[in-house]
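If you want the building blocks of each chain, they are given just below.
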Amino acid sequence: MNSTDWLDAGLEHIWLPYTQMATANPPLPVVSTEGCRIRLADGRSLIDGISSWWTACHGYNDAHIRTAIVHQIERLPHVMFAGLVHEPALTLAKRLADLLPGDLERVFFTESGSVSVEVALKMAIQYWRNQGQTERTRIIYFRHGYHGDTFATMALCDPEEGMHALFADSMPSQIMAELPITPEMTAAFARVLNTQAARVAAVIVEPLVQGAGGMKMHDAECLRTIASTCRANDTLLICDEIMTGFGRTGTLFACEAAGIVPDIICLSKALTGGTLPLAATVARKHIFEAFLGDDPGMALMHGPTYMANPLACAAANASLDLFERKPRLEQVAAIEQQLSAELSSCREIAGVADVRIKGAIGAVELSGAIDLNGLRQRFAELGVWIRPFGNVVYLMPPFVIHEAELSTLCAAIHQVLGERAATLAN
Ligand SMILES: *Cc1c(COP(=O)(O)O)cnc(C)c1O
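Each value, and the rule that gives it
Residues numbered from 1 in each chain as written. Predicted model: local features only at pLDDT ≥ 70, side-chain atom pairs only at ≥ 80, totals over all residues. Heavy atoms only, no water. Helix = DSSP H or I, 4+ residues; strand = E, 2+ residues; numbered from the N terminus. Buried < 20%, exposed > 50% of the residue type's maximum accessible area, 1.4 Å probe, protein only. Lys, Arg positive; Asp, Glu negative; His and termini not counted. Salt bridge = Lys/Arg side-chain N within 4 Å of Asp/Glu carboxyl O. Polar contact = N/O pair within 3.5 Å; in protein donor to acceptor, adjacent residues only side chain to side chain. Contact = heavy atoms within 4.5 Å. Phe/Tyr/Trp six-rings, centres within 6.5 Å; stacked < 30°, edge-to-face > 60°. Lys NZ or Arg CZ within 6 Å of the ring centre and 35° of its normal. Near = heavy atom within 4 Å. Areas by Shrake-Rupley, 256 points an atom, 1.4 Å probe, with all protein chains shown as cover. Pairing = 2+ DSSP bridges. Axes fitted to C-alpha atoms, helices over the stretch in contact; angles between N-to-C directions. Arc of directions from axis to C-beta. Parallel < 35°, antiparallel > 145°, perpendicular 65-115°, else oblique. Left-handed = near helix turned anticlockwise from the far one by under 90°. Nonpolar A, V, L, I, M, F, W, Y, C, P; charged D, E, K, R; others polar.

**Here we look at the side chain of R136**
Point 1. Mapping R136 onto the fold places it in the loop between α5 (113-129) and β5 (138-142).
Point 2. There is no salt bridge for the buried R136, and the closest opposite charge comes from D234, which lies 4.4 Å off by N-O distance.
Point 3. At 2.9 Å, the side chain of R136 forms a polar contact with the backbone oxygen of D234.
Point 4. Sequence-distant contacts of R136, defined by excluding residues within four places in its chain, comprise I125, W128, A197, A198, R199, V200, A201, N233, D234 and T235.

**Focus: the packing of aromatic side chains**
The geometry of an aromatic ring pair is captured by two quantities: the separation of the ring centres and the angle between the planes.
Point 1. By the definition in use, this model includes 9 aromatic pairs.
Point 2. An angle of 75° between the planes, with centres 6.4 Å apart, marks the rings of F323 and F399 as edge-to-face. Pair noted here: F323 is in helix α11 (residues 310-325) and F399 is in the loop between β16 (392-395) and α14 (403-425), with a separation of 76 residues, a long-range link. For the pair shown, F323 and F399 are each scored as buried.
Point 3. Feature note: the residues F246, F253, F323 and F399 constitute an aromatic cluster, connected by ring pairs.
Point 4. Taking NZ or CZ as reference, R106 lies 3.8 Å from the ring centre of F288, over its face.

**Observations concerning the site of the ligand**
Point 1. Near the ligand, the surroundings consist of W54, S112, G113, S114, Y146, H147, G148, E206, D240, I242, M243 and K269.
Point 2. Within the contact set of the ligand, an oxygen atom lies 2.8 Å away from a backbone nitrogen or oxygen of G113.
Point 3. A distance of 2.6 Å is found between an oxygen atom of the ligand and a side-chain nitrogen or oxygen belonging to K269.
Point 4. Across the complex, the protein chains shield 83% of the 380 Å² of accessible surface that the ligand would expose by itself.

**A look at the sheet that holds strand β14 (residues 361-366)**
Point 1. Spatial ordering of the open sheet is given by β13-β14-β16, a layout of 3 strands whose pairing is antiparallel. With one partner strand each, in any of the chains shown, β13 (352-358) and β16 form the two edges of the open sheet. Taking each pair of neighbouring strands and ignoring which way they run, the sheet shows an average axis angle of 15°.
Point 2. For β14 and β16, the ladder comprises 4 bridges, and the chain directions are antiparallel. By the bridge assignment for β16, G362 is matched with L395.
Point 3. With respect to the sheet, helix α12 (residues 328-343) is in contact with β13, β14 and β16, its orientation differing from that of β13 by roughly 160°.

**Some thoughts on helix α13 (residues 372-381)**
Point 1. Among all positions of α13, only L375, R376, F379 and A380 are buried. Buried residues along α13 cover an arc of 135° about the axis, so they all sit on one side.
Point 2. Just downstream of α13, G383 is the residue with a positive phi angle, here 85°.

**Considering the packing of helix α3 (residues 63-75) against α11**
Point 1. In contact at an axis separation of 8 Å, α3 and α11 are set at 150° when each is read in the N-to-C sense. Looking at the two axes, α3 sits roughly antiparallel to α11. Relative to α11, the crossing made by α3 is right-handed. In contact with H64, I65, A68, I69, Q72 and I73 of α3, α11 contributes P310, L311, A314, A315, A318, S319, D321, L322 and R325.
Point 2. Taken together, the residues of the contact of α3 with α11 break down into 10 nonpolar, 3 polar and 2 charged.

**So, the environment of A56**
Point 1. By secondary structure assignment, the location of A56 is in the loop between α2 (51-54) and α3.
Point 2. The sequence separation of A56 and L271 amounts to 215 residues, and the corresponding C-alpha distance is 9.3 Å.
Point 3. For A56, the contacting residues outside a window of four places in its chain are S51, G273, G274 and P398.

**Details of the sheet that holds strand β1 (residues 30-34)**
Point 1. Reading across the sheet, the 4 strands line up as β1-β2-β3-β15 and stay open at both edges, with mixed pairing between neighbours. Every other strand in the sheet has two partners, leaving β1 and β15 (384-385) as the edge strands with one partner each.
Point 2. Sheet topology places β1 next to strand β2 (residues 37-40); 4 bridges connect them, and they run antiparallel. What sits directly across from S32, in β2, is R39.
Point 3. Sitting on the sheet, α14 is in contact with β2, β3 (45-48) and β15, with an inclination near 90° to β3.

What follows is the structure, encoded as structure tokens:
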């Protein structure tokens, strides 16, 4: 077979995510990755502006993570995690407990973000049930939220803007609220909790930045309001830090910026530094203790086949080493400054509604309909991997990106949006 025979043969048999297969441009064949670059089969390389769906925080092919995975595969690639445990998972659990605020200290491992949210929902609902409160089964979520693609998590995504309106009739019905940003919205949120508390198990929020629902940002004060309102109404709080966790917004975990401790936190995306699938649902002590008792029915009945995969746990431990040894949070602060300097002026381009920056996230929101296929293709032509969704063009680069590479990414956004503005004007 020559170098791209696999491409033509395989494209006939693959089904791609979030893609209209009839009209989308053909996907780009990748042969290797290194640093912040994605190398294509035709020899070109693209600067990755979005860290492979927000995972590759240390860039690609980091030698320390690679060595840890190789070392682990030689001894113990996988073993089931019921009745058996292993060093990589237990070391990782202890390290996460030490890094997380407060008494977030019991770690349940899964293999994807969506499933870690499903586990958090089960924990929250059963927490109440184990105490005889069987009515508390509903979840409150926020407009513009995104918590995953499975059925329970789809039901927590923005019903209008989310990708999942199609399945509304097959999903559990949950309660949507507005983020308490203004005093009026705070009063409205308190009213929702107050009137619904008896049937609500938990409130779920993506702290500081709502990602896939549109890169909407709120401040620490809003988060504190959510936490205090939950406490006042005796409702659990779940922080979905699958996107924000591990430094992305400027602190190791976004909830730290507000000084709050959720009852349950979900982690995934950057947990293994973008190398292997792994997620963790971490519960506070009182949540875990509500599952203890003589009745076997009080136990948490969940257990993905590949949970706590040793390779993934070894990669996550190596990624945490890098957070200890390298100035990752300083790098995030530098990226934030550079994004402010080089992306903010997109506001002046016609058709741009807003520019938002937080930590190593820069989002440009467009007004009007956008030609996603055209924009994506144009970015690739310019040698950058930037993949707008909805009406947002955004950057979430690896934390190790060089200043010049980040400038190239920002310049590409200016150029492509400028070209679009010219087309709109005609
Ligand atoms: C990506 C994401 C998820 C879903 O994670 P998967 O691994 O894709 O299932 C859930 N919540 C947030 C905030 C995310 O960014």
